[in-house]
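# Results of the structural survey
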Amino acid sequence: MPLPATIQIGSVPYTVVEKSDLHYTDKKGRKQWLNGHVVFPDAEIRVSADQAKAVQTVTLWHESLHALLYAAGMDEVPERAVRALGYALVQFVRDNPELVRLTIGTPDLPPDSETTP
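So, about the nonpolar core. One broad rule of soluble globular proteins: the nonpolar side chains tend to lie buried together. Leu3, Ile7, Ile9, Tyr14, Val16, Val38, Ala43, Ile45, Val47, Leu60 and Ala67 form the largest nonpolar core, which has 11 residues in total. Elements represented by at least two residues in this core include exactly strand S1 (6-9), strand S2 (12-19), strand S6 (44-48) and helix H1 (53-71). Discounting residues that sit within four places of it in the chain, Ile45 has contacts with Tyr14, Thr15, Val16, Val17, His37, Val38, Leu60, Glu63 and Ser64.

Pasting the structure below:
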């Protein structure tokens, strides 16, 4: 399944972009590879195309959490907390499809429905 084209974070639609060679250059001029990155002024979430789909999924959740926290005025949350929440939320959603269906307003859909996360 492809990544979504956009993710709505509060009132801002963020464009999701798969990007090869996603990196930044550190102070010593070395490439530092990234799994993902949020560009807040452009409302863009970049996800590395050079990783497995399962990793892209966690990365998209991770970067979405950064955007959610930024929108809430909490942009100083430690990276390790965001990383832990990204992995935990992906598994939580997978383990609790009934809660997801209830939350999005489709509690009567069968578990094998195409809208099941």
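Before going further, it helps to spend a moment on unusual backbone geometry. For Asp21, which is not glycine, the phi torsion reads 55 degrees and is therefore positive. Turning to its location among the elements, Asp21 is positioned in the loop between S2 and strand S3 (23-25). Accessibility expressed as a relative area gives 34% for Asp21, which makes it partly exposed. Here the phi dihedral of Ala43 falls at roughly 50 degrees; this positive angle occurs in a residue that is not glycine. Here Ala43 falls in the buried class, since its relative accessible area comes to 14%.

A few words now on the sheet that holds S1. Read across the sheet, 4 strands follow the order S1-S2-S6-S5 without closing on themselves; strand pairing throughout is mixed. Of all the strands in the sheet, just S1 and strand S5 (36-39) have a single pairing partner and so form its edges. In this sheet, neighbouring strand axes are inclined to one another by 25 degrees on average, regardless of whether the strands run parallel or antiparallel. Pairing of S5 with S6, which is carried by 4 bridges, proceeds in the antiparallel orientation. What sits directly across from Gly36, in S6, is Val47. Sheet contacts for H1: S1, S2, S5 and S6; angle to S6, the most-contacted strand, approximately 155 degrees.

Okay, helix H2 (residues 79-95) next. If you check H2, its first and last C-alpha atoms are 24 Å apart, about what 17 residues at 1.5 Å a residue would give, namely 24 Å. Those residues of H2 lying buried are Val82, Gly86, Val90 and Val93. An end-on view of H2 places all buried positions within 75 degrees of arc, on one side of the element. Among the exposed residues of H2, those oriented more than 90 degrees off its buried face are Arg80 and Tyr87. Check the buried side of H2 and you find it contacts H1 and helix H3 (97-103).

Looking now at the packing of aromatic side chains. Taken as a whole and judged by the stated rule, the model has 1 aromatic pair. Relative to Tyr70, the ring of Phe40 has its centre 3.9 Å away and its plane inclined at 20 degrees; by these criteria the two rings are stacked. With a gap of 30 residues between them, Phe40 in the loop between S5 and S6 and Tyr70 in helix H1 connect regions that are remote in the sequence. Using a relative accessible area of 26% as the deciding quantity, one classes Phe40 as partly exposed.

What follows is about H1. Between the first and last C-alpha of H1 there are 27 Å, a value that for 19 residues agrees with the 27 Å anticipated at 1.5 Å per step. Every buried residue of H1 is listed here: Gln56, Val58, Thr59, Leu60, His62, Glu63, Ser64, Leu65, Ala67 and Leu69. Buried positions along H1 lie against S1, S2, S5, S6 and H2. Two residues or fewer past H1, Gly73 is found with a positive phi of approximately 80 degrees.

Thresholds applied
Residues numbered from 1 in each chain as written. Predicted model: local features only at pLDDT ≥ 70, side-chain atom pairs only at ≥ 80, totals over all residues. Heavy atoms only, no water. Core = buried A, V, L, I, M, F, W, Y, C linked by side-chain atoms within 4.5 Å. Buried < 20%, exposed > 50% of the residue type's maximum accessible area, 1.4 Å probe, protein only. Helix = DSSP H or I, 4+ residues; strand = E, 2+ residues; numbered from the N terminus. Contact = heavy atoms within 4.5 Å. Pairing = 2+ DSSP bridges. Axes fitted to C-alpha atoms, helices over the stretch in contact; angles between N-to-C directions. Expected span 1.5 Å × (residues − 1). Arc of directions from axis to C-beta. Phe/Tyr/Trp six-rings, centres within 6.5 Å; stacked < 30°, edge-to-face > 60°.

Nothing here speaks to function; it is all geometry.
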